[in-house]
Amino acid sequence: MKKIGITLAVLLVLLTGTAMGQKSIKDIAGSWSGKLIESGMGIRLVFNFTLTEADTIKATLDSPDQAAMGIPLGRVTFVNDTLRVAAPMLRGEYRGVFAGDSSLTGIWTQLGKEYKLDLVLGAAPITYNRPQEPKPPYPYREEEVTFRNSIENFDLSGTLTLPEGTGPFPAVVLITGSGPQDRDEAIFAHKPFKVIADHLTRNGIAVLRYDDRGTGKSKGNMTKATSLTLADDAAAAVAYLLERREIDNSKIGLAGHSEGGLIAPIVASQSGHVAFIISLAGPGVKGYDIILKQNRDISVLSGLSEAEINENIRISAKIFDLVMAEGDQRKVAKEAMEWYNADLDAMGLSAEERKNRMSTFTQSL
């Protein structure tokens, strides 16, 4: 009996091992969800794998907490029990192995940093509790509008909310923060600009909010935009309101959030039609100092050591110095690489450590 028991145990192990070893790329099909911890926040990621007629896998990524859905992913491979998913648009990659029939344990790598990311098959439907978000019917009028940036000749799209009545009404243009933002400045499924517009319009103030250039329904290119060119977009919004008979031309103001708090005074200084500005968490110090402070805060929340934080800040500061000093931005990357190569030469690192550091630095440029 003892011999039979041992034989059965060995057989069970062999069968289990064979079952696990039989995993193939076809077993990846479906939606796999997990939570990545970044800067002290848990960010949900959902990998959607679809099996094609050629028995290959196509993949997209959802980041529901960041309102980013259907991000195209690159090549998906399954070799030696290891799943690899390239994410060229995000400069990242996921590597995972099966921990069971419906779970993967793995690592998400992005810009040289690694984050533990375990995935479970069968992503639950995403639901949000956002009681502050206004729902129709509204006690005011809402219009989809288009206005033109006549300097660069492209159209911007937005929403104009008007109180009930004939007016003329005071008005506010909402200006978003840094990066491509939609008219609601949506983030983590919150829509702060929609909430602000609703409150102001219910209280007799018209509000114009718009998609940033190259975002949503707006045309234009965000890639090369600066605070100065974005100020032209906000100025175009003011010019549009001046043409509306429902608006009191003497009472048009700007409310800018974050970088928008910098853009608002730029527009006001160039226009004689801005009656007031409101800064919503706008910058109070130089942008250089803000970015370094943000880098440090994020590094602290990410659990980096003080030595690692100081090294990151030193490198970031040098890159920013090069960017500000070089008029031709195409040369900045080359100059940064030359500087960092010389910096590594002075450290006396091993070939492997030097390679790893240079790879991380290159991806961060």
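Up top is the structure these notes are about.
What this report covers is the structure whose coordinates are included nearby. Nothing here was measured: the structure is a model prediction, and the numbers come from that model.

About the criteria used
Residues numbered from 1 in each chain as written. Predicted model: local features only at pLDDT ≥ 70, side-chain atom pairs only at ≥ 80, totals over all residues. Heavy atoms only, no water. Phe/Tyr/Trp six-rings, centres within 6.5 Å; stacked < 30°, edge-to-face > 60°. Helix = DSSP H or I, 4+ residues; strand = E, 2+ residues; numbered from the N terminus. Buried < 20%, exposed > 50% of the residue type's maximum accessible area, 1.4 Å probe, protein only. Contact = heavy atoms within 4.5 Å. Axes fitted to C-alpha atoms, helices over the stretch in contact; angles between N-to-C directions. Parallel < 35°, antiparallel > 145°, perpendicular 65-115°, else oblique. Left-handed = near helix turned anticlockwise from the far one by under 90°. Pairing = 2+ DSSP bridges. Polar contact = N/O pair within 3.5 Å; in protein donor to acceptor, adjacent residues only side chain to side chain.

1. Comments concerning the packing of aromatic side chains
Move 1: In total, this model carries ten aromatic pairs according to the counting rule given.
Move 2: Between Phe47 and Trp108, the ring centres sit 6.2 Å apart and the planes meet at 65°, which makes this aromatic pair edge-to-face. You can see Phe47 sitting in strand 2 (residues 41–51) and its partner Trp108 sitting in strand 8 (residues 103–110), a full 61 residues away along the chain. Trp108 shares its class with Phe47; the two are buried.
Move 3: Seen in terms of ring centroids, Phe147 and Tyr210 are 5.6 Å apart; in terms of plane orientation they differ by 85°. Their pairing is edge-to-face. With a gap of 63 residues between them, Phe147 in strand 11 (residues 140–149) and Tyr210 in strand 14 (residues 206–210) connect regions that are remote in the sequence. The same class applies to Phe147 and to Tyr210, which are both buried.
Move 4: Aromatic rings pair up to connect Phe47, Phe49, Tyr94 and Trp108 into one cluster.

2. A closer look at helix 2 (residues 192–202)
Move 1: Looking at helix 2, one finds that the buried residues are Phe193, Lys194, Ala197, Asp198, Leu200 and Thr201.
Move 2: Looking at the buried side of helix 2, the elements it contacts are strand 11, strand 12 (154–163), strand 13 (169–175), strand 14 and strand 15 (247–257).
Move 3: At the exit of helix 2 stands Gly204, carrying a positive phi of roughly 90°.

3. Things to note about the packing of helix 3 (residues 227–242) against helix 4 (residues 260–270)
Move 1: Interaxial distance between helix 3 and helix 4 falls to 9 Å at its minimum, and their mutual angle equals 65°. By the angle class used here, helix 3 and helix 4 are roughly perpendicular. By crossing handedness, the relation of helix 3 to helix 4 is classed as right-handed. Between helix 3 and helix 4, the residues in contact are Ser227, Leu228, Leu230, Ala231, Ala234 and Ala235 and Leu262, Ile263, Ile266 and Val267, respectively.

4. Comments concerning the sheet that holds strand 13
Move 1: Reading across from one edge, 11-12-14-13-15-16 is the order of the six strands in this open sheet, with mixed pairing throughout. The two strands at the open ends of the sheet, each matched to only one other strand, are strand 11 and strand 16 (276–280). For this sheet, the mean angle separating the axes of adjacent strands, direction not counted, is 25°.
Move 2: Pairing of strand 12 with strand 14 involves four bridges; the strand directions are antiparallel. When the bridges of strand 14 are listed, Thr161 appears paired with Val207.
Move 3: Lying over the sheet, helix 4 contacts strand 13, strand 15 and strand 16, oriented at roughly 145° with respect to strand 15.

5. As for the packing of helix 5 (residues 287–301) against helix 6 (residues 306–325)
Move 1: At a minimum axis distance of 10 Å, the contact between helix 5 and helix 6 shows a crossing angle of 155°. Taken together, helix 5 and helix 6 sit at an angle that is classed as roughly antiparallel. Between helix 5 and helix 6 lies a crossing whose hand is right-handed. Listed contacts from helix 6 to Tyr288, Ile291, Leu292, Asn295, Arg296, Ser299 and Val300 of helix 5 are Glu306, Ile309, Asn310, Asn312, Ile313, Ser316, Ala317, Phe320, Asp321 and Met324.

6. Considering the side chain of Thr176
Move 1: Position of Thr176 among the secondary structure elements: in the loop between strand 13 and helix 2.
Move 2: Within the structure, the side chain of Thr176 is placed 2.8 Å from the side chain of Asp212, a separation counted as a polar contact.
Move 3: Those residues within four positions of Thr176 in sequence are excluded, and the remaining contacts are Gln181, Asp182, Glu185, Phe193, Asp212, His257, Glu259 and Gly260.

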